[in-house]
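Residues per chain are reported as follows:
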Amino acid sequence: MSFSRVRGSLVAGVVGDCFGRLFEGSSYVSMKDVLIEVNRTERTWTDIQKKRAEGKTGRAIRQAEYTDDTAMARSIAASLVEEKSVNIEDIAARFAESYSKQPNRGYGGNVVTVLEALSGPDLKDIYKPARDQFNGTGSYGNGGAMRISPLGLFFHKQSLDELKEKTVDITRLTHSHRHAIVGALLQSFAVHLALSLDNGKRLDAAAFLSHLLQHLKPVEEEVYLNHRNLAAPVACDDDRWGTVRVVCVGQVGGSEGGVCRTGGW
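Note that the structure is a prediction, hence the values are computed from the model and not measured.

Enquirer: Would you take a moment to explain the overall build of the protein for this structure?
Expert: Within the protein one finds 12 helices and two strands. Going from the N terminus to the C terminus, the protein shows its helices and strands as α-β-α-α-α-α-α-α-α-α-α-α-α-β. Counting all 265 residues of the protein, 40% fall into the buried class. Once local pairs closer than 6 in sequence are excluded, the contacts in the protein between residues at least 24 apart make up 67%.

Enquirer: Explain the packing of helix α10 (residues 178-194) against helix α11 (residues 205-226) here, please?
Expert: Packed helices, taken two at a time, are described by their axes: the angle between them and the distance between them. The interhelical angle for the contact between α10 and α11, taken along N-to-C directions, is 145°, at an axis separation of 10 Å. In terms of crossing hand, the pair formed by α10 and α11 is right-handed. Only F208, H211, L212, L213, H215, L216, V219, E220, V223 and Y224 of α11 make contact with α10, whose side of the interface consists of R178, H179, I181, V182, L185, L186, F189, A190, L193 and A194. When its residues are assigned to classes, the contact of α10 with α11 shows 15 nonpolar, three polar and two charged.

Enquirer: What exactly am I supposed to notice about the packing of aromatic side chains here?
Expert: Where two aromatic rings form a pair, the distance of their centres and the angle of their planes describe that pair. A full pass over the atoms with the stated rule returns two aromatic pairs. Between Y99 and Y107, the aromatic rings sit 5.1 Å apart at their centres with planes inclined by 80°, giving edge-to-face as the arrangement. Overall, the relative accessible area of 10% leaves Y107 in the buried class. Note on F154 and F155: the rings are 5.8 Å apart at their centroids and 50° apart in plane angle, and the pair reads as tilted. Under the relative-accessibility criterion, F155 is labelled buried at 7%. For R105, the ring lying beneath its charged end belongs to Y66, and the centroid distance is 3.7 Å. The ring of Y127 is capped by R172, whose NZ or CZ atom sits 3.9 Å from the centre of that ring.

Enquirer: Which parts of the structure should I look at to understand the packing of helix α3 (residues 68-83) against helix α4 (residues 88-101)?
Expert: Two elements in contact, α3 and α4, have axes whose closest approach is 9 Å; the angle formed by their N-to-C orientations is 140°. Taken together, the axes of α3 and α4 are oblique relative to one another. The hand of the α3/α4 crossing is right-handed. Taken together, the residues of α4 that come into contact with α3 (itself represented by A71, M72, S75, I76, A78, S79, E82 and E83) are D90, I91, R94, F95 and S98.

Enquirer: I tried to follow the side chain of K164 on my own but got confused; where do I start?
Expert: Note that K164 resides in helix α9 (residues 160-171). Within the structure, K164 has its side chain in polar contact with the side chain of E222 (distance 3.0 Å). When neighbours within four sequence positions are excluded, K164 is seen to be in contact with L185, F189, V219 and E222.

Enquirer: What is the right way to read unusual backbone geometry from this model?
Expert: When glycine is set aside, most residues are seen to have a negative phi, and most peptide bonds are trans. You will see that K84, though not glycine, has its phi angle at about 60°, which is positive. Relative to the helices and strands, K84 is located in the loop between α3 and α4.

Enquirer: Just checking my understanding: could you explain helix α5 (residues 109-118) for this structure?
Expert: Structurally, the α-helix is built with 3.6 residues per turn, so residues lying three or four positions apart point the same way. Residues of α5 that are buried include every one of V111, V112, V114, L115 and L118, and no others. Buried residues in α5, looked at end-on, bunch into an arc of 165°, giving them a common side.

Enquirer: Which parts of the structure should I look at to understand the pattern of salt bridges?
Expert: One side chain can pair with another of opposite charge once the charged atoms of both are near each other. Tallying each qualifying case throughout the model produces nine salt bridges. Close ionic contact of R131 with D125 constitutes a salt bridge, the shortest N to O distance being 2.7 Å. The partner of K164 in a salt bridge is E222, and the shortest N-O contact between them spans 3.0 Å. A residue pair is termed long-range when its members are at least 10 positions apart, and K164 in helix α9 and E222 in helix α11 qualify at 58 residues.

Enquirer: What should I look at first to understand α3 in this one?
Expert: Given a rise of 1.5 Å per residue, 16 residues ought to cover 22 Å, and the 22 Å separating the end C-alpha atoms of α3 matches this to within 8%. The N-terminus of α3 is capped by T67, whose side-chain oxygen sits 3.1 Å from the backbone nitrogen of D69. K84, located one to two residues past α3, shows a positive phi value of around 60°.

Analysis parameters
- Residues numbered from 1 in each chain as written.
- Predicted model: local features only at pLDDT ≥ 70, side-chain atom pairs only at ≥ 80, totals over all residues.
- Heavy atoms only, no water.
- Helix = DSSP H or I, 4+ residues; strand = E, 2+ residues; numbered from the N terminus.
- Buried < 20%, exposed > 50% of the residue type's maximum accessible area, 1.4 Å probe, protein only.
- Contact = heavy atoms within 4.5 Å.
- Axes fitted to C-alpha atoms, helices over the stretch in contact; angles between N-to-C directions.
- Left-handed = near helix turned anticlockwise from the far one by under 90°.
- Nonpolar A, V, L, I, M, F, W, Y, C, P; charged D, E, K, R; others polar.
- Phe/Tyr/Trp six-rings, centres within 6.5 Å; stacked < 30°, edge-to-face > 60°.
- Lys NZ or Arg CZ within 6 Å of the ring centre and 35° of its normal.
- Parallel < 35°, antiparallel > 145°, perpendicular 65-115°, else oblique.
- Polar contact = N/O pair within 3.5 Å; in protein donor to acceptor, adjacent residues only side chain to side chain.
- Arc of directions from axis to C-beta.
- Salt bridge = Lys/Arg side-chain N within 4 Å of Asp/Glu carboxyl O.
- Expected span 1.5 Å × (residues − 1).

Below is the structure:
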């Protein structure tokens, strides 16, 4: 595995978060709308570079702002690098510290409650604040998935079973609902498997997603058995995964007619 893949994954995550922030709160966003913003930014940056080369001052480029998702991903990455392992207590402390220093990154109200509790000096069970939310069912938002990519990179030499265990541990700090956990597993598994792809071959999005879901579905069943905080599992599993496959293939394949859904699923 080349280091460029690690760097590319982390940088792309930040860039995607910055562009995504422009559409925060939208129920859906067309790929055409996203590409308009991307192309506008690229044209502006090209103009700035040209002006600088000519010794002129170009127009100022709009400063991008990343969200809480990147802030928390940075906390995970920094902990992994410095601790050289998954230290859940250290990651929890970094989450809380990052929020306290920059609380205006777009943190949701419920996760703020958790992060404030994690900074409490008398907290004995770091999973309790998240576990107690929503009458004990925990949050099923997508926050766990949005920040987990550094773990998939760090565990590129480990098995999916080891990655699964640590993904669950980190996600449960703020999102203990099984839907949130499976969403985070989907993302961490995707990063892990993407690292093994052949750089010399064009990505077959449909084949990659089928391979990913092949690994994920049995793990999903295990998570649902171990985290029984809903009366029943989600209905129509095949339809749900079919929707994930269709939407993702549309995006990865570059279809401008695709739709990026926002929020949890």
